[in-house]
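Read off the chains here:
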Amino acid sequence: MTNRVLVVDDEKDMEPLFRQGLRRELKAGKIEIAFATGVDAALAMISDDKAAPFDKVISDLNMPGKSGFELLADVDKDAFEIAVVSANADVDTRAKVEALGARAFFAKPVNFGEVRNFVTAT
Amino acid sequence: MWSRLSLRFKFLSLVIPLAIFISLVFFLFIDNQLKKDAQGTLADRIEELTRVQSGSISGPLWSFNILQLNLVTSSMINDPDVVGVSVLDETGAVVAADGVQEANLEDRIFMRQRTVSFFDDGTKRDIGELRVFYSEERLLADAVTRRLTALVAIALLIGALIIGALVGLHYTVLVPLGRFATAIGLARDTDQVVPVDWNTQDEMGNVAHAFNDLQSQQKSDEAELRRIQDNLEDLVEKRTETLAQREVQLVGARDKAEHALEELRATQSRLIQSQKMASLGQLSAGIAHEIKNPLNFVNNFSLMSVEMLGELKEALAAHNAAPTNETKEEIAELTQLLSDNLEKIEHHGHRADNIVRNMLLHSRDGPADFRQAQINNVLREAVNLAFHSARAEVAGFNITIHEELDSDLPETFCVPQDLSRVFINLASNAMYATHQKTKKELPGYEPLLEIHTAAEKNRIRIDVRDNGEGIPQSVREQVFEPFFTSKPTGEGTGLGLSLAYDIVHETHRGDIRLESEEGEGTTFTVFIPLVSENPDNKGDKK
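Residues numbered from 1 in each chain as written. Chains lettered and ligands numbered in written order. Predicted model: local features only at pLDDT ≥ 70, side-chain atom pairs only at ≥ 80, totals over all residues. Heavy atoms only, no water.

Engineer: Lay out the overall build of chain B in plain terms, naming residues and giving numbers.
Structural biologist: The secondary structure content of chain B amounts to 10 helices and 11 strands. Counting only residues that meet the buried cut, chain B has 35% of its 542 residues in that class. Considering only contacts in chain B between residues 6 or more positions apart, those separated by 24 or more positions represent 69%. As presented, chain B carries roughly 32,200 Å² of accessible surface, and 56% of it is formed by carbon and sulfur atoms. (Helix = DSSP H or I, 4+ residues; strand = E, 2+ residues; numbered from the N terminus. Buried < 20%, exposed > 50% of the residue type's maximum accessible area, 1.4 Å probe, protein only. Contact = heavy atoms within 4.5 Å. Areas by Shrake-Rupley, 256 points an atom, 1.4 Å probe, with all protein chains shown as cover.)

The following block contains the structure:
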């Protein structure tokens with residue numbers, strides 16, 4: 001079973017970082033990763049009927065244009081598990097994203113051990 | 001010359017010639033009259049004599065009694081005025097003669113003639129003529145004597161008149177004038193009225209009276225004037241005293257004001273420092289966030305590189321044992337990844353360094369140095385910092401930042417950390433304004449910040465435009481004033497734009513303007529002069 005993962009972050013280097021951090025899982029075919037650098041692009045990919053649906057979404061909060069909070073608010077939380085990755089790791093922010101239905105919170109710098117657990121969980 | 005002569009002399013020099021002239025005219029007139037009278041009397045007397053004697057010679061001439069005729073003529077010539085007598089017969093021949101016979105006007109000798117008649121039997125018959133010559137010599141001699149006498153009399157009279165006139169002049173004019181002079185001399189040196197002692201009822205008396213009136217009027221005026229002057233002096237003295245007191249008060253007030261100003265300056269500099277600290281505090285959250293992004297990459301890429309180095313070792317060992325294309329490709333891939341990772345680590349490490357340096361620049365106090373800088377970079381970093389600061393402060397804050405930066409913008413000498421402060425401030429305000437508008441939950445509203453740079457002729461133009469709440473017309477004039485803030489108490493120091501204004505105007509000799517439409521947004525435009533030489537080296541170090 002392959003988990004389809006969507007990573008949303010305006011930092012373009014997140015893609016090579018995630019591909020390296022999760023390279024074993026990728027090689028093992030446990031996951032597939034797609035990347036979006038903005039909320040609008042992410043929403044378009046999520047609602048794309050031709051592609052297979054995502055199982056996991058990991059989103060940044062602070063992004064130009066729409067923020068991760070908007071993404072959280074907009075998407076169907078039952079369709080996939082959603083996690084947040086942010087440099088803002090204070091209690092208020094954690095509480096807010098939890099309330100919006102996020103299953104996990106990864107504070108930057110990201111601990112890929114936690115990420116691996118999240119993306120590989122079924 | 002004339003005006004210097006004494007009154008007496010003037011009087012005499014006018015009176016004497018005039019008196020002599022008038023006297024002489026009268027004298028000549030009277031003398032002439034007298035002469036005419038004397039001549040008339042003489043002529044009458046000679047006429048009478050001729051008439052009488054012509055009667056008395058009538059007989060002798062009829063009878064030609066020559067002796068008798070001679071007797072008559074010699075008796076006639078005895079008259080003092082008669083100088084000649086002649087008797088002519090009826091034919092005109094001289095019968096008897098004595099003395100001068102010819103009338104000579106030059107010698108003032110005149111002639112009287114009379115026909116001699118004789119009554120013969122009752123018939124009147126002209127028988128001859130009597131001629132009498134007479135002279136006015138005696139009359140003229142009398143006239144000379146009379147004239148001399150008259151002249152002497154006139155001279156005496158004139159002398160007497162002059163003496164009289166001088167005496168009159170003395171008593172009627174000179175004495176009162178002397179009194180005037182005395183009185184005026186005395187009056188000049190005293191406050192008292194010194195009347196002219198002259199009480200006649202004539203013109204001089206009137207003048208004295210008028211003068212006395214005038215003097216007493218003048219004295220009372222002077223007294224009044226002196227009184228006013230004294231009052232004035234009193235007043236001036238009092239005013240001077242009051243002014244001196246005022247001056248003391250003013251100096252006191254000025255000292256107080258100066259002291260207050262000093263305190264104000266101290267407070268202001270403390271406030272400016274606290275504004276810097278406040279904005280630094282605001283920024284630090286944003287900076288912390290901002291720094292975690294590069295840190296994430298540095299940490300994780302290095303961590304993964306360590307793992308990959310392990311894999312590389314294994315791959316190398318495998319390749320050394322049995323080199324295949326597969327192992328070769330794996331090694332190549334791993335080294336490429338490692339190389340990329342190191343580049344990324346370097347890149348993000350540098351990024352973090354920049355952020356920290358910006359923060360330090362922002363917090364640094366005191367004069368900053370001019371250096372050549374690319375304003376695009378300063379602006380971009382500042383806006384980024386402001387953005388993250390806003391996001392750190394307000395959970396869920398977001399804004400679209402639209403950059404339109406002139407890629408050909410020349411570098412200019414400026415104080416980058418100061419300009420960074422300006423831009424952070426403008427961007428923070430813009431974000432605050434859009435956030436306030438977001439709170440109103442207007443449909444379709446998306447916060448937008450546009451930053452724009454352009455090179456103009458001698459300057460660089462920077463626009464920071466937001467679509468926030470806008471600034472009300474009523475406070476647009478005040479936004480650059482120190483301590484003016486529209487934010488709720490505790491949120492703003494009111495120094496941000498004031499500092500920005502100082503930095504742009506004072507440090508950079510530039511300009512900052514603002515355009516705003518309430519409810520639509522605000523544009524701040526900053527002009528920074530293009531400077532190709534370091535102003536710090538020109539000796540006017542700020």
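Engineer: Account for the interface of chain A and chain B, with residues named and values stated.
Structural biologist: Of the residues lining the interface, 25 residues belong to chain A; the matching set on chain B comes to 27 residues. Its salt-bridge partner being Glu311 of chain B, residue Arg23 of chain A comes within 2.4 Å of it at the nearest N-O pair. Where chain A touches chain B, the interface holds 10 residue pairs in polar contact (both at pLDDT 80 or more). For the side of chain A that touches chain B, the secondary-structure elements that each account for two or more residues are helix H1 (14-21), helix H2 (23-27) and helix H4 (68-74) of chain A. In terms of residue count, the dominant contributor to the side of chain A that touches chain B is H1 of chain A (5 residues). (Salt bridge = Lys/Arg side-chain N within 4 Å of Asp/Glu carboxyl O. Polar contact = N/O pair within 3.5 Å; in protein donor to acceptor, adjacent residues only side chain to side chain.)

Engineer: Outline the sheet that holds strand E1 (residues 3-8) of chain A, listing residues and values.
Structural biologist: Residues and elements named next belong to chain A. Spatial strand order, E2-E1-E3-E4-E5: 5 strands in an open sheet with parallel pairing. Edge positions in the sheet fall to strand E2 (31-36) and strand E5 (104-107), since each of these pairs with one other strand and no more. Direction aside, neighbouring strands of the sheet carry axes that sit 20° apart on average. Against the sheet, helix H6 (residues 112-120) contacts E1, E2, strand E3 (56-60), strand E4 (81-86) and E5, and its axis sits at roughly 140° relative to E3. (Pairing = 2+ DSSP bridges. Axes fitted to C-alpha atoms, helices over the stretch in contact; angles between N-to-C directions.)

Engineer: So, helix H4 (residues 137-188) of chain B: which residues are in play, and what are the values?
Structural biologist: All names here are of chain B. A rise of 1.5 Å per residue sets the reference length of H4, with its 52 residues, at 76 Å; its end C-alpha atoms lie 72 Å apart and thus fit the reference within 8%. Considering bend angle alone, the principal kink of H4 is centred on His170 and spans about 40°. Buried residues of H4: Leu139, Ala143, Ile154, Ile158, Ile162, Leu169, Leu174, Pro176, Phe180, Ala183 and Ala187, and no others. (Expected span 1.5 Å × (residues − 1). Bend = angle between axes of the 7 residues up to and from the residue.)

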